[in-house]
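Next come the chains, spelled out residue by residue.
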Amino acid sequence: MRGRFFALEGIDGSGKSTQLELLARRLEQAGFPCLTTCEPTAGPIGSLLRQVLTGQIPCDSRVVAPLFTADRLDHLLNGENGLCRAVERGLTVLSDRYYFSSYAYQSVDLPLEWVIEVNRPCAQLLRPTATVFIDVSPELALARIAQNRERTELFETEDRLTRTREQYLKAFELEKDREQVVLIPGDRDVETIASDIWSTISTFLSPGA
Ligand code: ADP
Ligand code: TYD
């Protein structure tokens, strides 16, 4: 059977990576072998993007957006560990971010419809079984980031994260007929959120779902 593909989304500090690990553990326990991954990737285009995000390489937003798409296409298609092949082999793939991250972050500076169009090849190759959006306020996200790190990245300001969250919500509305999106309130303790995510994800796992 073809594997499922779940994308975790949210503003920086929303708790995606924490929840991704917990979800992978629950899936493995339930007998679903998992591949966990993230975007930007650790590949050459993802590494370039990390340098853009830390401000080491200045780059126009109209260049950054297609770079995220190129990184995503490589994530999907690369011969060694491309996600398309993993799903075909029956693995359950969990990705910390996918194209809704581009829809939300890049559309703060660019038209949302344009960003969606640029990412169309990705949607055609692999649409998530479901996208899980962990919703937290920018204040809470920044407090968590500050606790955890010495440096913040390009998009990690309150104003920027507020606009990014708004763009996520706009993108979900615009794509509601094509995409399965689950909104999970993220301002609760780790275990409560994990149980909430599990009860939704498990509905997508039966062979007929
Ligand atoms: P993201 O991957 O979305 O940036 P992380 O999972 O790395 O978020 O979480 C950011 C920080 O907040 C980490 O220090 C993590 O331990 C902490 N954290 C995650 N979820 C919660 C939660 N529900 N309550 C309190 N702190 C959390
Ligand atoms: P990430 O390492 O996931 O950050 P965090 O763990 O703090 O959430 O992502 C790095 C940054 O890249 C994050 O600010 C979001 C941004 N990003 C985009 O702007 N567009 C995209 O398509 C993706 C995948 C990430």
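Whatever comes next refers back to the structure up there.
In short, a report on the structure. (Residues numbered from 1 in each chain as written. Chains lettered and ligands numbered in written order. Predicted model: local features only at pLDDT ≥ 70, side-chain atom pairs only at ≥ 80, totals over all residues. Heavy atoms only, no water.)

**Quick look at the site of ligand 1**
Okay, so step 1: Contacts to ligand 1 come from Gly 13, Ser 14, Gly 15, Lys 16, Ser 17, Thr 18, Arg 144, Asn 148, Arg 188, Asp 189, Val 190 and Ile 193.
Okay, so step 2: The side chain of Lys 16 places a nitrogen or oxygen atom 2.7 Å from an oxygen atom of ligand 1.
Okay, so step 3: Interatomic distance of 2.3 Å between a side-chain N/O atom of Ser 17 and an oxygen atom of ligand 1.
Okay, so step 4: Notes on ligand 1: free accessible area 560 Å², of which the protein chains cover 71%.
Okay, so step 5: Secondary-structure elements contributing two or more residues to the shell around ligand 1 are α1 (16–29), α8 (138–148) and α10 (190–201).
Okay, so step 6: If one sorts the elements of the shell around ligand 1 by residue count, α1 sits on top with three residues.
Okay, so step 7: A class-by-class count of the residues in the shell around ligand 1 yields two nonpolar, six polar and four charged. (Near = heavy atom within 4 Å. Polar contact = N/O pair within 3.5 Å; in protein donor to acceptor, adjacent residues only side chain to side chain. Areas by Shrake-Rupley, 256 points an atom, 1.4 Å probe, with all protein chains shown as cover. Helix = DSSP H or I, 4+ residues; strand = E, 2+ residues; numbered from the N terminus. Nonpolar A, V, L, I, M, F, W, Y, C, P; charged D, E, K, R; others polar.)

**Overview of the pattern of salt bridges**
Okay, so step 1: Per the stated rule, a full pass over the model turns up 13 salt bridges.
Okay, so step 2: Residue Asp 12 pairs with Arg 97 through a salt bridge whose shortest N-O separation is 3.6 Å. Of this pair, Asp 12 sits in the loop between β1 (5–9) and α1 while Arg 97 sits in the loop between β3 (92–96) and α5 (99–106), and the two are 85 residues apart along the sequence. Across the pair, Arg 97 and Asp 12 agree in class, each one buried.
Okay, so step 3: One salt bridge connects Glu 173 with Lys 176, and the closest N-O pair in it is separated by 2.8 Å. (Salt bridge = Lys/Arg side-chain N within 4 Å of Asp/Glu carboxyl O. Buried < 20%, exposed > 50% of the residue type's maximum accessible area, 1.4 Å probe, protein only.)

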